[in-house]
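One-letter residues, chain by chain:
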Amino acid sequence: MQIDRVVLYRVRLPLVAPFRTSFGVETERDVLLVEVQGPSGSGWGECVAMTEPLYSPEYVDGAHAVINAHLVPRLAAAGPSLEAEDVARVLAAVKGHHMAKAALEMAVLDAGLRAAGRSLADHLGATRSRVPAGVSLGISESIDQLLQEVAFYLGQGYVRVKLKIGPGWDTEPVRAVRARFGPDLLLQVDANSAYTLADSERLAQLDEYGLLLIEQPLGEHDLAAHAELACRIATPVCLDESITSLAVAVEAIERGACTIVNIKAGRLGGYLAAKRVHDACYERGVPVWCGGMLESGLGRAANVALAALPGFTLPGDLSASERYFRRDLTAPFVLEDGHLPVPSGPGLGVAPDLAFVSEMAASVEEIGFRTG
Ligand code: OSB
Ligand code: MG
């Protein structure tokens, strides 16, 4: 795979509705797209870093800067031929910045697979042609509004509901949703690290509602506290923010900090690292599911491919395009009987709508690779 240049696009996509979590409110998605271009065609990556460093230390302006100043120059220096499998090693001297690295690796992966006529799903080892769709619902204005939202998405066919929670919005919404929609609804909650171990009695009050899991109740770096909490509550603990590498995933499982893992390629440094975490969990019998970061159709295509691997036994945060955006950057992902189809075309199997990307682009930068 020869790369001649990298093009970075910043595209602002308004969300159809504000998305409120324990760490803040999102009203638009500031998407950083990476296109790698070479003689055999181009490939696309999406950086999932958010506007502010509130979910994790990364944020989109920082990712953009590190890609420009530190990552692209290393790719350019790596020589005329580069495979996706080389990208992580070439970038390894730069510490952290997993979301920035993941975006570049995703673009190289897409370019290579497109040129080879092979789908990302096949390349990763997908065993399914469609994946169940879950929906992640932000903190609402009121219980009434939340119940309406849940009813709306269940009407659309979503097979699992996740409620964002935080202090002041936890047992009441969960109780209300259970009471209204019954015991068979697949229901889980995500605290985005809003609690401490001192809240364990409050969190134990969720035990009676038969949740699939509680996601990231405590701090990102606090595996020991998660292991202690897991002993104090009946709801299975799942980690999101904490799972920053394969080593941490294995440690979290071995220490009893979680019994379920949320896999996000951006947080782990790419889809290839995400596959390795999947494999390690699969070997250990630990269920995994595919998290989301309000991706456009490009990131969504890759997430859906990843979620088609056999260890993804729980529905992911994989929703239809219209749940996020009035118009997506690709052909929209549409729910089919509560599922999303796994793209089967070469690479990501979806292409950006270039006219729409240009129309929405706040900036476009081309970085040429000097060769010879
Ligand atoms: O914690 O899973 C999370 C969105 C942005 C940042 C973090 C998270 C989320 C979501 C939304 O829960 C998942 C989605 O539908 O993309
Ligand atoms: Mg989460």
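Look up: the structure comes first, before these words.
Residues numbered from 1 in each chain as written. Chains lettered and ligands numbered in written order. Predicted model: local features only at pLDDT ≥ 70, side-chain atom pairs only at ≥ 80, totals over all residues. Heavy atoms only, no water.

1. Description of the overall build of the protein
Within the protein, the regular secondary structure consists of 13 helices and 13 strands. Against the compact-globule benchmark of 21 Å for 372 residues, the protein has a radius of gyration of 20 Å, which places it among compact chains. Relative to its 372 residues, the protein shows a buried fraction of 57%. Long-range contacts, defined here as pairs at least 24 residues apart, represent 72% of the contacts in the protein between residues at least 6 apart. Element-wise, carbon and sulfur atoms account for 51% of the exposed surface of the protein, whose accessible area totals about 14500 Å². Charged side chains of the protein number 32 positive and 46 negative; the gap between the two group centres comes to 2 Å. (Helix = DSSP H or I, 4+ residues; strand = E, 2+ residues; numbered from the N terminus. Rg over C-alpha atoms; globule rule 2.2 N^0.38 Å. Buried < 20%, exposed > 50% of the residue type's maximum accessible area, 1.4 Å probe, protein only. Contact = heavy atoms within 4.5 Å. Areas by Shrake-Rupley, 256 points an atom, 1.4 Å probe, with all protein chains shown as cover. Lys, Arg positive; Asp, Glu negative; His and termini not counted. Charge placed at Lys NZ, Arg CZ, Asp CG, Glu CD.)

2. Considerations on the environment of D337
Relative to the elements of secondary structure, D337 occurs in the loop between helix 12 (297-306) and strand 12 (339-341). The exposure class assigned to D337 is exposed, which follows from its relative accessible area of 65%. As a C-alpha pair, D337 and G157 span 180 residues in sequence and 6.1 Å in three-dimensional space.

3. A closer look at the coordination of the magnesium ion (ligand 2)
Of the protein atoms, only D190 (OD), E215 (OE) and D240 (OD) coordinate the magnesium ion (ligand 2), at distances of 2.1 to 2.3 Å. Here the donor residues of the magnesium ion (ligand 2) share one chain and are spaced in sequence as D-x24-E-x24-D. Taken together, the residues D190 in strand 7 (residues 187-190) and D240 in the loop between strand 9 (237-239) and helix 9 (246-254) connect sequence positions 50 residues apart. There is no split in this pair, since D190 and D240 are both buried. (Donors = N, O, S within 2.8 Å, 3.2 Å for Na, K, Ca; no water.)

4. A word on the site of ligand 1
Around ligand 1 lies a shell of 16 residues, among which K164, D190, N192, L294 and Y324 are the nearest. Within the contact set of ligand 1, an oxygen atom lies 3.0 Å away from a side-chain nitrogen or oxygen of K162. A distance of 3.3 Å separates an oxygen atom of ligand 1 from a polar atom in the backbone of M293. Alone, ligand 1 offers 390 Å² of accessible surface; in the complex the protein occludes 100% of this. No fewer than three residues from each of domain 1 (5-117 + 351-368) and domain 2 (122-341) sit in the shell around ligand 1. (Near = heavy atom within 4 Å. Polar contact = N/O pair within 3.5 Å; in protein donor to acceptor, adjacent residues only side chain to side chain. Domains from an automatic or database assignment.)

5. As for the sheet that holds strand 11 (residues 288-290)
A sheet is described by the order of its strands in space; here seven strands give the open sequence 5-6-7-8-9-10-11, paired in parallel fashion. A strand with exactly one partner marks an edge of an open sheet, and here the two such strands are strand 5 (134-137) and strand 11. For strand 9 and strand 10 (residues 260-263), the ladder comprises two bridges, and the chain directions are parallel. Bridge assignment links C238 to a residue of strand 10, and that residue is I260. (Pairing = 2+ DSSP bridges.)

6. Here we look at the pattern of salt bridges
Considering all chains together, one arrives at 21 salt bridges under this definition. Of the charged contacts in the structure, one is a salt bridge between R12 and E28, with a shortest N-O distance of 3.4 Å. Highlighted residues: R12 in strand 1 (residues 5-21) and E28 in strand 2 (residues 24-38), separated in sequence by 16 residues. The class of R12 is partly exposed, set by a relative accessible area of 43%. (Salt bridge = Lys/Arg side-chain N within 4 Å of Asp/Glu carboxyl O.)

7. Observations concerning the nonpolar core
Of all hydrophobic cores here, the largest spans 129 residues; its most connected members are L33, V34, I67, L163, V261, I263 and L348. Examining the composition of this core, we find that 10 residues originate from one element, helix 3 (residues 98-116), more than from any other. Residues lining this core come from more than one domain, with at least three contributed by each of domain 1 (5-117 + 351-368) and domain 2 (122-341). If you look at the next biggest cluster of nonpolar residues, it comprises five residues, including C238, I260, W289 and L314. (Core = buried A, V, L, I, M, F, W, Y, C linked by side-chain atoms within 4.5 Å.)

8. Focus on the packing of aromatic side chains
Counted under the stated rule, the structure contains five aromatic pairs. With a centroid separation of 5.7 Å and 70 degrees between ring planes, the pair formed by Y153 and Y158 is classed as edge-to-face. Its relative accessible area of 11% is what places Y153 among the buried residues. Pairing Y324 with F325 gives two aromatic rings, centres 5.8 Å apart and planes at 35 degrees, and the pair type is tilted. Taking the relative accessible area as the measure of exposure, F325 reaches 3% and is therefore buried. A connected cluster of aromatic rings, assembled from ring pairs, spans F152, Y153 and Y158. (Phe/Tyr/Trp six-rings, centres within 6.5 Å; stacked < 30°, edge-to-face > 60°.)

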